[in-house]
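# Report on the structure
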Amino acid sequence: MADMSASRTPAPTNRYLERLALETQDRDERRKLLVGDLDQHDMASLHATLGGHSEEYSDDSDPAASSVGRRLALAYAEPPLAPPEVLSTDASGITRLRTSLPIKRTPLAPEQWSTNPIVNTGRRLKNWANRGWSRRRKREYHSPAAWRWVATRRRWILLVLIFGQSIIAANQMRTVLPSQGQQWLEITILSLFVLLFAWVSAGFWTALMGFFQLLRGNDRYAIDSEVGDDPIHAEARTALLVPICNEDVARVFAGVRATLESLRSTGNDQHFDIFILSDTFDADIAIQESYAWLAMCRDLEAFGQVFYRRRQRRVKRKSGNLDDFCRRWGALYRYMLVLDADSVMSGKCLTRLVQMMEVHSKAGIIQTAPRASGRLNLYARMQQFATRVYGPLFTAGLHFWQLGESHYWGHNAIIRLAPFMRHCMLAPLPGKGSMSGEILSHDFVEAALMRSAGWGVWIAYRLEGSYEEMPPNLLDELNRDRRWCHGNLMNFRLFFSKGIHPVHRAVFLTGLMSYLSAPLWCLFLVLSTALLAVHTFGTPNYFPEPGMLFPVWPQWNPTLAVGLFGVTALLLFLPKFLSVLLVWINGSRQFGGPLKVLASMVLESLFSMLLAPVRMLFHTRFVLASVMGWEVQWRSPSRENSDTTWGDGIRNHWSQTLIGAVWAAGVYVLEPTFLWWLSPIVVSLMVSIPVSVLSSRVSLGRLSFQKRLFRIPEETQPPRVLRRMVKLLSQMNAGMAAPSFAQVVVDPVPNALATALGASRHSDAEPVRRRRDERVSRAVRMGPAAMSQLERLDFLDDPVMMSQLHYHVWNDSNAHQSWFGYGLPGRDSKHLPTFK
């Protein structure tokens, strides 16, 4: 009976041909595979016959490699898989699908950092003694560009406004304190107040000047003021770089494809190439990326214009990915334009950026002001509204004060490649501990190095057509802030580094204060509570100075405190009202109407007040974690409209709720009336769980949209490029079905495609061959579940190992059964998605 059962089991070669036939496009070819007389006495002969070799042909080391081209031709007959210049063979005769350009390597070497202020001061004194060096530096930094003199005058005015306003507020605060700021505790509180008030004041004056700039509308120093619509020179080639790492593949490629289609509609696409630069370390996601790239190239006939590279040596994260591009292909392009995984840009915007660079030959970086859109959660819609309504004021204000020494935010910006490659390679920070090593927030540092080399860094704040997405909920935003906090704290080590322009030293300081202000505010509140306890339980010292004839009576001045609180609130909320006023002036229909935009502003402000104490505690924890050296998890942000569950809300916010309740109880015991002043803080903390959970709801976001709240023009009348991206994303989510790693190993066509895509084509040296044999043998016996992600990636990268694993899984009777455990693929599973 056993022999009869075995005789009925199809031979491996028959099963292999059946599976290959399922994935064959032409009906006649499918019939030949099923009923033809191919040599099937063993798997080696079958692959040799499929590859067009004689029956005696046999490659003992890699029999399946000979049939890779034939398997792909059967599956992709009409149209062919790729043009002949893309689908070819390597030196060993193995079919190869080229995903990137031939390398034109450029040697790059970063300059080591000098962060010791004492050493740098000594070097400056030595250089000042050398008058020739001084004259050279003077010519570089004091060129007759008018905007530099204007920017210098403006910044001095800004400093006078900030410090003058802070001194007045500090004197007012001193009169509020019981002992007029003469005790050590009050001196500490007063010092913290001055720092925090100056930080608020800087934001106020930035927004105020942005309001006047936008209201006037005529900015002679804007980077686009002298740019016409001249044709782009043929040599002005631009590379669009999309660095990704374990991202939502459908979202990434929907955005890239929408951007490319918009670029083609302008007729200028011949000046641009697109590079998908992957650091993905999940094998299944890597497979999805290669399939999505191939689908886009086939659908849009974009071979030779859209390229894909996945790094095997992932160092320095995103900045390392950009460095890798610069070394390999930077010499082929004049500009590069960096996009994030969630970025979308219109072809008109891309063209305009290149035209700006061509006109302004000393511009090194031009940063656009991306507009947030695309989210449905209530939280994200409020953030989109805030950035769309208030953001232009702050961006225009930054431009007013900084001009050509501005910010670079790491994406949606165009960069001149030659100076970037020469001056902006990043060496690790010296030393040990959490504040050393690879630079995490690379964008501010690259802008500083570009300006130090004499190139301008500009914000094109009036340019439209640049878009990004916001985190869908509070927890995802805080996860992003955790990374940014660590990066900004590390960057402050460069504050005293040699050669950094004073404006970018200020940028490092503002980056630090963006997160350090949270623990300073927290400390200010804690010390204020401690002062209340001392005033309640302590014995007053009526004669603080010896020999005094008359006592000093400690007293609170609530009236003055109310006035000071009102001034601070004015600095915080006046920019928001001015933003709404500007919307009213320019037309509020696309924002929901004049009353709706005002109501949205009020609701968003109340919501921001609720979240401010929660962010304060989280950012305080982030700062402490960075200083203490706790590990940072660099996970890709969510690209979905995901809700926060009640479980996640409780796990992440229970400590804030407890702190708020204990704090409120303690203050009530000390002085019940003081609780009214502290109630915005403690109440916000106590309701953090429901606020975080409910604000993440997509249903509430849709309801607010129906009520015309938090509307933005990108929702009311979406631009064409965003509409196309949404349509493509819907189609890709419905139709894209890339195989798993196990399917890539077993199925004939996915395996042939993976073998052709393999980039690590090493020589056939004996140590390499032996190592391959050991790894293939282990994988065959242990099955896919026993392989780590790094091992799977090694097989995807090496075409020889992938081909050998495919052969031995089919031919070895001891192969682990889980290789075939996923079941047979469907009839159309081989087809790549096509979105017309």
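This one's a predicted model, so the numbers in the text were calculated from it and none came from an experiment.

### So, the overall build of the chain
On a plain count of helices and strands, the chain comes out with 32 helices and 12 strands. In the chain, which comprises 836 residues, the proportion classed as buried is 53%. Of the contacts made within the chain by residues no fewer than 6 positions apart, 82% connect residues no fewer than 24 positions apart.

### Some remarks on the sheet that holds strand β12 (residues 466–468)
Taken together, 3 strands build an open sheet; the order of strands is β7-β12-β9 and the sheet is mixed. With one partner strand each, in any of the chains shown, β7 (344–345) and β9 (371–372) form the two edges of the open sheet. Note: β9 against β12, 2 bridges, orientation parallel. Within the sheet, the bridge partner assigned to R371 lies in β12 and is Y467.

### Overview of the pattern of salt bridges
Taken as a whole and assessed by the stated rule, the structure comprises 36 salt bridges. The partner of E438 in a salt bridge is R317, with the nearest N and O atoms 3.9 Å apart. Residue E438 is found in the loop between α16 (417–423) and α17 (442–452), and its partner R317 is found in helix α12 (residues 317–329); the two are separated by 121 residues along the sequence. Under the relative-accessibility criterion, E438 is labelled partly exposed at 37%. In this structure R317 comes out as partly exposed when scored by relative accessible area, which is 38%. Note that R651 and D648 form a salt bridge whose closest N and O atoms lie 2.5 Å from each other.

### A few points about the environment of A82
Looking at where A82 falls in the secondary structure, it is placed in the loop between α5 (68–75) and β1 (87–89). Residue A82 is classed as buried on the basis of its relative accessible area, which comes to 10%. Once residues lying within four places of it in the same chain are set aside, the contact partners of A82 are L87, L97 and F303.

### Some points on unusual backbone geometry
The phi torsion of most residues other than glycine is negative, and most of the peptide bonds are trans. The omega torsion across E78 and P79 is 0°, close enough to zero to call that bond cis. Mapping P79 onto the fold places it in the loop between α5 and β1. Even without being glycine, N246 reaches a positive phi, approximately 55°. Within the secondary structure, N246 sits in the loop between β3 (238–244) and α10 (249–266). Of note, L403 is a non-glycine position whose phi angle comes to about 50°, a positive value. Judged by relative accessible area, which is 0%, L403 ranks as buried.

### Some remarks on the sheet that holds strand β8 (residues 363–368)
As summarised here, the arrangement of the 7 strands in space is β5-β4-β3-β6-β10-β8-β11, forming an open sheet in which the pairing is mixed. Sheet topology places β5 (306–310) and β11 (456–460) at the edges, where each strand pairs with a single neighbour. Pairwise comparison of adjacent strand axes, ignoring direction, gives a mean angle of 20° for this sheet. Of the strand pairs in this sheet, strand β6 (residues 335–338) and strand β10 (residues 413–416) are connected by 4 bridges, and their pairing is antiparallel.

### So, empty space enclosed by the protein
Leftover empty space is mapped by rolling, across the atoms, a probe with the size of a water molecule. Within this structure, the stated rule accounts for 2 cavities of 30 Å³ or more. Considered as a void within the structure, the second largest cavity measures approximately 30 Å³ in volume. Ranked by residue count, the leading element in the lining of the second largest cavity is α10, at 4 residues. Within the lining of the second largest cavity, the residues separate by chemical class into 5 nonpolar, 3 polar and 1 charged.

### Focus on the packing of aromatic side chains
Under the counting rule described, the total for this entry stands at 23 aromatic pairs. Considering the side-chain rings of F275 and Y333, the 5.8 Å spacing of their centres and the 90° angle between planes classify their relative orientation as edge-to-face. Placement of F275 in strand β4 (residues 272–278) and of Y333 in the loop between α12 and β6 is noted, with a sequence separation of 58 residues between them. Of the two residues, F275 and Y333, both sit in the buried class. One aromatic cluster is present, formed by F275, F307, F325, W329 and Y333 through successive ring pairs.

### Regarding the pairing of β11
Here β11 lies mainly inside the structure; 5 of its 5 residues are buried. Both faces of β11 are covered, namely the face carrying G456, W458 and A460 and the face carrying V457 and I459. Pairing of β8 with β11, which is carried by 5 bridges, proceeds in the parallel orientation. Within the sheet, the bridge partner assigned to I366 lies in β11 and is W458.

### A look at the pairing of β8
Taking burial as the measure, the 6 residues of β8 include 6 buried ones, the bulk of the element. Taken together, the 3 bridges between β8 and β10 define a ladder with antiparallel strand orientation. Paired with Q367 across the strands is A413, a residue of β10.

### Some remarks on the environment of T755
Mapped onto the elements, T755 comes out in helix α29 (residues 748–757). Note on T755: relative accessible area 0%, which makes it buried. Engagement of the side chain of T755 in a polar contact is seen with the backbone oxygen of N751, the distance being 2.8 Å.

### What to know about the environment of L260
Relative to the assigned elements, L260 resides in helix α10. Every residue in contact with L260, bar those within four places of it in the chain, is listed here: I274, L300, A302, Q305 and V306.

### Thoughts on helix α15 (residues 391–402)
Across its 12 residues, α15 extends 16 Å between first and last C-alpha, which sits within 8% of the 16 Å expected from 1.5 Å per residue. Of all 12 residues that make up α15, 9 are buried, and the element is covered over most of its length. Within α15, burial applies to G391, L393, T395, A396, G397, H399, F400, W401 and Q402. Of the residues flanking the end of α15, it is L403, one or two places downstream, whose phi is positive at about 50°.

### Looking at the packing of helix α14 (residues 378–389) against α15
Where α14 meets α15, the axes come as close as 4 Å, and the angle between the chain directions of the two elements is 40°. In terms of orientation, α14 and α15 fall into the oblique class. Side by side, α14 and α15 meet where A386, T387, R388 and V389 of the first sit next to G391, P392 and L393 of the second. When grouped by side-chain class, the residues that make up the contact of α14 with α15 number 4 nonpolar, 2 polar and 1 charged.

Definitions and cut-offs
- Here, residues in each chain are numbered from 1, in the same order as that chain's written sequence.
- Owing to the predicted nature of the model, reporting of local features is limited to residues with pLDDT of at least 70; listing and counting of side-chain atom pairs is limited to 80 or more, with chain, interface and lining totals taken over all residues.
- Derived side-chain values reflect all non-hydrogen atoms in the structure, with water molecules and hydrogen atoms excluded from consideration.
- Counting from the N terminus, the helices are DSSP H or I runs at least four residues long and the strands are E runs at least two residues long.
- Burial classes follow relative accessibility: with a 1.4 Å probe on protein chains only, a residue under 20% of its type's maximum area counts as buried, one over 50% as exposed, and anything between as partly exposed.
- Residue contacts are counted whenever heavy atoms from the two residues lie within 4.5 Å of one another.
- Strands are labelled as partners when DSSP assigns at least two bridges between them.
- What counts as a salt bridge is simple: a side-chain nitrogen of Lys or Arg found within 4 Å of a carboxyl oxygen of Asp or Glu.
- Interaxial angle, 0 to 180 degrees, is taken between N-to-C directions of lines fitted to C-alpha atoms, where a helix line uses only the stretch in contact.
- Points on a 1 Å grid over protein atoms alone make up a cavity when a 1.4 Å probe fits among them but cannot get out, and a pocket when they form an open set with protein on both sides within 12 Å along at least five of seven lines; lining residues each have an atom within 4 Å of a point.
- Grid points are joined across faces, edges and corners, and a volume is the space filled by probe spheres set on the points.
- Polar here means any residue other than Ala, Val, Leu, Ile, Met, Phe, Trp, Tyr, Cys and Pro, which are nonpolar, and Asp, Glu, Lys and Arg, which are charged; Gly is therefore polar.
- Working definition: a ring pair exists when centres of Phe, Tyr or Trp rings (six-membered ring for Trp) sit within 6.5 Å. Plane angles under 30 degrees give stacked, over 60 give edge-to-face, the rest tilted.
- Any pair of N or O atoms that falls within 3.5 Å is considered a polar contact. Within protein, one atom must be able to donate a hydrogen and the other to accept it, and sequence-neighbouring residues count only if both atoms are side-chain atoms.
- Take the residue count of a helix, subtract one, and multiply by 1.5 Å to get its expected span.
- In what follows, roughly perpendicular refers to angles from 65 to 115 degrees, roughly parallel to angles under 35, roughly antiparallel to angles over 145, and oblique to any angle outside these ranges.

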